[in-house]
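Each chain is listed here by its residues.
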Amino acid sequence: MTAFQQLLPGAVLAAHETPRRRANRVLRPARTPAGVAVAFAVTAGLGLTAAEVVSALVGNPLGWVPVDEAIAAARRSSWLEVSFWALVMALAGVVMLLLAAVPGRSRLVPVETSDARIVIGITRIGLRRTLRAVAQEVEGVEKARVKLLRRTIEVTVVTGPESSGAMLKQVGNAVGDRLAGVGTLASGEVVVRLRRRGI
(Lines give C-alpha, C1' and ligand atoms only; values in the text may rest on other atoms or scores of the structure.)
Protein backbone atom coordinates (compact mmCIF):
# COMPACT_ATOMS: atom_id res chain seq x y z
CA MET A 1 0.00 0.00 0.00
CA THR A 2 1.41 3.39 -0.98
CA ALA A 3 1.56 6.45 1.25
CA PHE A 4 -1.08 8.12 -0.93
CA GLN A 5 -3.44 5.16 -0.50
CA GLN A 6 -2.99 5.37 3.29
CA LEU A 7 -4.30 8.95 3.17
CA LEU A 8 -7.47 7.89 1.36
CA PRO A 9 -10.70 7.49 3.38
CA GLY A 10 -11.07 4.05 4.93
CA ALA A 11 -7.34 3.39 5.11
CA VAL A 12 -7.32 3.66 8.90
CA LEU A 13 -7.96 0.31 10.55
CA ALA A 14 -11.47 0.27 11.92
CA ALA A 15 -12.17 -1.35 15.26
CA HIS A 16 -14.90 -3.57 13.77
CA GLU A 17 -12.85 -4.62 10.72
CA THR A 18 -12.75 -8.40 10.28
CA PRO A 19 -9.40 -10.20 9.83
CA ARG A 20 -10.38 -11.27 6.31
CA ARG A 21 -11.33 -7.75 5.26
CA ARG A 22 -8.13 -6.31 6.72
CA ALA A 23 -6.00 -8.98 5.00
CA ASN A 24 -7.70 -8.36 1.65
CA ARG A 25 -7.10 -4.63 1.99
CA VAL A 26 -3.43 -5.01 2.94
CA LEU A 27 -2.64 -7.67 0.32
CA ARG A 28 -3.99 -5.61 -2.58
CA PRO A 29 -0.94 -4.54 -4.61
CA ALA A 30 -0.18 -0.94 -5.46
CA ARG A 31 -0.15 -0.06 -9.15
CA THR A 32 3.44 1.13 -9.14
CA PRO A 33 3.98 1.67 -12.92
CA ALA A 34 0.90 3.91 -13.16
CA GLY A 35 1.94 5.76 -10.00
CA VAL A 36 5.47 6.32 -11.35
CA ALA A 37 4.13 7.55 -14.71
CA VAL A 38 1.72 9.98 -13.03
CA ALA A 39 4.38 11.22 -10.60
CA PHE A 40 6.88 11.74 -13.44
CA ALA A 41 4.34 13.59 -15.63
CA VAL A 42 3.17 15.83 -12.78
CA THR A 43 6.74 16.57 -11.65
CA ALA A 44 7.90 17.38 -15.19
CA GLY A 45 4.89 19.59 -15.90
CA LEU A 46 5.10 21.51 -12.64
CA GLY A 47 8.90 21.80 -12.91
CA LEU A 48 8.67 23.28 -16.42
CA THR A 49 5.91 25.66 -15.33
CA ALA A 50 7.87 26.81 -12.27
CA ALA A 51 11.00 27.38 -14.36
CA GLU A 52 8.99 29.37 -16.92
CA VAL A 53 7.31 31.52 -14.23
CA VAL A 54 10.59 32.26 -12.42
CA SER A 55 12.39 33.12 -15.66
CA ALA A 56 9.50 35.40 -16.72
CA LEU A 57 9.59 37.18 -13.35
CA VAL A 58 13.32 37.74 -13.76
CA GLY A 59 12.63 39.24 -17.19
CA ASN A 60 14.20 36.55 -19.36
CA PRO A 61 11.48 33.98 -20.29
CA LEU A 62 12.80 30.57 -21.34
CA GLY A 63 10.07 29.91 -23.90
CA TRP A 64 9.80 26.19 -23.01
CA VAL A 65 6.12 26.52 -22.13
CA PRO A 66 4.08 28.60 -24.63
CA VAL A 67 2.21 30.52 -21.93
CA ASP A 68 1.04 33.40 -24.15
CA GLU A 69 -0.28 31.04 -26.85
CA ALA A 70 -2.07 28.90 -24.22
CA ILE A 71 -3.74 32.00 -22.70
CA ALA A 72 -4.78 33.26 -26.13
CA ALA A 73 -6.21 29.83 -27.09
CA ALA A 74 -8.12 29.68 -23.80
CA ARG A 75 -9.66 33.12 -24.47
CA ARG A 76 -10.71 32.16 -28.00
CA SER A 77 -12.38 28.84 -27.20
CA SER A 78 -15.19 27.65 -24.95
CA TRP A 79 -15.92 24.25 -23.41
CA LEU A 80 -18.26 23.42 -26.28
CA GLU A 81 -15.43 23.94 -28.80
CA VAL A 82 -12.91 21.64 -27.10
CA SER A 83 -11.45 19.18 -29.60
CA PHE A 84 -11.98 15.44 -29.39
CA TRP A 85 -8.28 14.74 -28.80
CA ALA A 86 -8.13 17.20 -25.92
CA LEU A 87 -11.01 15.34 -24.26
CA VAL A 88 -9.27 12.01 -24.88
CA MET A 89 -6.07 13.30 -23.27
CA ALA A 90 -7.98 14.67 -20.27
CA LEU A 91 -9.81 11.36 -19.85
CA ALA A 92 -6.50 9.46 -20.10
CA GLY A 93 -5.07 11.69 -17.37
CA VAL A 94 -8.04 11.00 -15.07
CA VAL A 95 -7.73 7.25 -15.71
CA MET A 96 -4.00 7.34 -14.90
CA LEU A 97 -4.69 9.22 -11.66
CA LEU A 98 -7.33 6.65 -10.66
CA LEU A 99 -5.00 3.76 -11.53
CA ALA A 100 -2.27 5.30 -9.39
CA ALA A 101 -4.60 5.89 -6.43
CA VAL A 102 -6.67 2.68 -6.40
CA PRO A 103 -4.82 -0.56 -5.64
CA GLY A 104 -5.03 -3.58 -7.92
CA ARG A 105 -6.61 -7.01 -7.41
CA SER A 106 -4.79 -9.26 -4.99
CA ARG A 107 -3.28 -12.48 -6.30
CA LEU A 108 -3.07 -13.87 -2.78
CA VAL A 109 -5.64 -15.63 -0.61
CA PRO A 110 -5.36 -14.39 3.00
CA VAL A 111 -4.30 -16.88 5.66
CA GLU A 112 -5.37 -16.71 9.30
CA THR A 113 -2.67 -15.80 11.84
CA SER A 114 -2.65 -15.67 15.63
CA ASP A 115 -1.37 -12.07 15.63
CA ALA A 116 -3.81 -9.53 14.18
CA ARG A 117 -0.89 -7.29 13.13
CA ILE A 118 0.59 -9.96 10.85
CA VAL A 119 -0.96 -10.47 7.42
CA ILE A 120 0.14 -13.31 5.16
CA GLY A 121 -1.30 -14.94 2.08
CA ILE A 122 -0.94 -17.95 -0.19
CA THR A 123 -0.94 -17.64 -3.96
CA ARG A 124 -4.13 -18.68 -5.69
CA ILE A 125 -2.27 -21.15 -7.90
CA GLY A 126 -0.55 -22.64 -4.84
CA LEU A 127 -3.88 -23.10 -3.07
CA ARG A 128 -5.40 -24.69 -6.18
CA ARG A 129 -2.48 -27.13 -6.46
CA THR A 130 -2.74 -28.05 -2.78
CA LEU A 131 -6.47 -28.69 -2.97
CA ARG A 132 -6.12 -30.61 -6.23
CA ALA A 133 -3.47 -32.87 -4.66
CA VAL A 134 -5.73 -33.57 -1.68
CA ALA A 135 -8.70 -34.37 -3.94
CA GLN A 136 -6.59 -36.77 -6.00
CA GLU A 137 -5.54 -38.65 -2.85
CA VAL A 138 -9.14 -39.82 -2.33
CA GLU A 139 -9.52 -43.43 -3.43
CA GLY A 140 -11.13 -43.74 -6.85
CA VAL A 141 -10.30 -40.19 -8.03
CA GLU A 142 -8.21 -40.28 -11.20
CA LYS A 143 -7.96 -36.56 -11.87
CA ALA A 144 -9.13 -33.37 -10.20
CA ARG A 145 -9.48 -29.72 -11.17
CA VAL A 146 -10.01 -26.84 -8.73
CA LYS A 147 -11.50 -23.40 -9.44
CA LEU A 148 -11.41 -20.61 -6.86
CA LEU A 149 -14.55 -18.59 -7.50
CA ARG A 150 -15.77 -15.56 -5.61
CA ARG A 151 -18.18 -17.36 -3.27
CA THR A 152 -17.31 -21.02 -3.78
CA ILE A 153 -14.42 -23.41 -4.33
CA GLU A 154 -15.38 -25.72 -7.17
CA VAL A 155 -13.67 -29.14 -7.32
CA THR A 156 -14.31 -31.31 -10.39
CA VAL A 157 -13.14 -34.92 -10.07
CA VAL A 158 -12.82 -37.48 -12.84
CA THR A 159 -13.50 -41.06 -11.73
CA GLY A 160 -14.16 -44.50 -13.14
CA PRO A 161 -17.69 -45.77 -13.88
CA GLU A 162 -17.94 -47.48 -10.46
CA SER A 163 -17.83 -44.21 -8.46
CA SER A 164 -20.59 -43.32 -5.99
CA GLY A 165 -22.02 -40.31 -4.21
CA ALA A 166 -20.03 -41.22 -1.11
CA MET A 167 -16.87 -40.32 -3.00
CA LEU A 168 -18.14 -36.75 -3.47
CA LYS A 169 -18.57 -36.47 0.29
CA GLN A 170 -15.05 -37.82 0.88
CA VAL A 171 -13.56 -35.32 -1.58
CA GLY A 172 -15.53 -32.47 0.00
CA ASN A 173 -14.39 -33.47 3.50
CA ALA A 174 -10.75 -33.82 2.40
CA VAL A 175 -10.73 -30.43 0.69
CA GLY A 176 -12.53 -28.78 3.64
CA ASP A 177 -10.03 -30.30 6.11
CA ARG A 178 -7.09 -29.03 4.04
CA LEU A 179 -8.62 -25.54 3.87
CA ALA A 180 -8.99 -25.57 7.65
CA GLY A 181 -5.42 -26.83 8.01
CA VAL A 182 -3.99 -24.13 5.78
CA GLY A 183 -6.09 -21.56 7.63
CA THR A 184 -7.32 -19.59 4.64
CA LEU A 185 -9.81 -16.83 5.32
CA ALA A 186 -11.60 -17.61 2.05
CA SER A 187 -15.33 -17.65 2.51
CA GLY A 188 -17.82 -19.83 0.72
CA GLU A 189 -18.60 -23.48 0.39
CA VAL A 190 -16.78 -26.32 -1.33
CA VAL A 191 -18.75 -27.63 -4.32
CA VAL A 192 -17.66 -31.02 -5.69
CA ARG A 193 -18.67 -32.07 -9.20
CA LEU A 194 -18.31 -35.59 -10.52
CA ARG A 195 -17.33 -36.59 -14.04
CA ARG A 196 -17.08 -40.25 -14.94
CA ARG A 197 -14.36 -41.23 -17.37
CA GLY A 198 -15.66 -41.92 -20.84
CA ILE A 199 -18.97 -40.07 -20.31
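One structure accompanies this document, and this report is about it. Being a predicted model, the structure only gives us computed values, none of them experimental. Within any chain, residue numbers begin from 1 and follow the written order of that chain's sequence. Two thresholds apply to this predicted model, a pLDDT of at least 70 for residue-level local features and 80 or more for giving and counting side-chain atom pairs, whereas whole-chain, interface and lining totals are computed over all residues. Side-chain descriptors were evaluated using all non-hydrogen atoms of the structure, hydrogens and water having been removed beforehand.

Lines fitted to C-alpha atoms define the axes here, with helix axes fitted over just the stretch in contact, and angles between the N-to-C directions of these axes take values from 0 to 180 degrees. In this description a helix means any DSSP run of H or I spanning at least four residues, a strand means any run of E spanning at least two, and both kinds are numbered starting from the N terminus. Taken N-terminus to C-terminus, the directions of helix H6 (residues 124–137) and helix H7 (residues 165–182) make an angle of 140 degrees; their axes are 9 Å apart at the nearest point. What the angle tells us is that H6 and H7 run oblique. When you trace H6 past H7, the crossing you get is right-handed. Contacts between H6 and H7 involve Leu127, Thr130, Leu131, Val134 and Ala135 on the former and, on the latter, Val171, Ala174, Val175, Arg178 and Leu179. Residue classes in the contact of H6 with H7 are distributed as eight nonpolar, one polar and one charged. Roughly parallel means an angle under 35 degrees; roughly antiparallel means over 145; roughly perpendicular covers 65 to 115; every other angle is labelled oblique. Crossings are assigned a handedness: left-handed for a near helix turned anticlockwise from the far helix by less than a right angle, right-handed for a clockwise turn. Residue contacts follow a heavy-atom distance rule, with two residues in contact if any of their heavy atoms lie within 4.5 Å. Note that Gly is not counted as nonpolar here; it falls among the polar residues with everything else outside the nonpolar set of Ala, Val, Leu, Ile, Met, Phe, Trp, Tyr, Cys and Pro and the charged set of Asp, Glu, Lys and Arg.

What follows concerns the side chain of Glu154. Its location among the elements puts Glu154 in strand S4 (residues 152–159). We define a polar contact as two N or O atoms separated by no more than 3.5 Å, with the added condition that, inside protein, one atom must be a possible hydrogen donor and the other a possible acceptor, whereas residues neighbouring each other in sequence contribute only through side-chain atom pairs. There is a polar contact of 3.4 Å between the side chain of Glu154 and the side chain of Arg193.

On to the sheet that holds strand S5 (residues 189–196), then. Strand order in the open sheet made by the three strands is S3-S4-S5, with mixed pairing throughout. Each edge of the open sheet is held by one strand with a lone partner, namely strand S3 (141–148) and S5. The average undirected angle you get between the axes of adjacent strands in this sheet is 20 degrees. Strands are treated as partners if at least two bridges between them are detected by DSSP. As paired elements, S3 and S4 share seven bridges and run antiparallel to each other. Within S4, the residue paired with Val141 across the bridge is Thr159. Relative to S3, H6 is tilted by about 150 degrees, and along the sheet it contacts S3 and S4. Lying over the sheet, H7 contacts S3, S4 and S5, oriented at roughly 140 degrees with respect to S5.

Attention now goes to the nonpolar core. Within the largest apolar cluster, 17 residues are counted, with the highest numbers of intra-cluster contacts made by Leu131, Val155, Val157 and Val171. Secondary structure elements with two or more residues in this core: H6, S3, S4 and H7. Leu131 has contacts with Val146, Leu148, Ile153, Val175, Arg178 and Leu179, leaving out every residue within four places of it along the chain. Here, nonpolar core means buried Ala, Val, Leu, Ile, Met, Phe, Trp, Tyr and Cys residues that are tied together by side-chain atoms lying within 4.5 Å of each other. For every residue, the accessible area obtained with a 1.4 Å probe (protein chains only) is divided by the maximum for its type, and the residue is called buried under 20%, exposed over 50%, and partly exposed between those limits.

This part is about a nonpolar patch on the surface. A cluster of nonpolar side chains, contributed by Leu48, Leu62 and Trp64, occupies part of the molecular surface with about 310 Å² of accessible area. Tracing the backbone shows Leu48 in helix H3 (residues 32–58). Owing to a relative accessible area of 37%, Leu48 belongs among the partly exposed residues under this scheme. The patches reported here contain residues having more than 30% relative accessible area and no salt bridge. Joining distances are 9 Å for like charges and 5 Å for nonpolar side chains (Val, Leu, Ile, Met, Phe, Trp, Tyr). For the area figures, the Shrake-Rupley method with a 1.4 Å probe applies, and any residue is considered shielded solely by the protein chains shown. Think of a salt bridge as a Lys or Arg side-chain nitrogen and an Asp or Glu carboxyl oxygen that are within 4 Å of each other.

A word on a positive patch on the surface. Taken together, Lys143, Arg145, Lys147 and Arg195 make up a surface patch of like positive charges. No other element matches the three residues that S3 contributes to the positive patch. Turning to its location among the elements, Arg145 is positioned in strand S3. Arg145 sits in the partly exposed class, given a relative accessible area of 43%. Two residue types count as positive, namely Lys and Arg, and two as negative, namely Asp and Glu; His and chain ends fall outside the count. Note on charges: their place is set at NZ of Lys, CZ of Arg, CG of Asp or CD of Glu.

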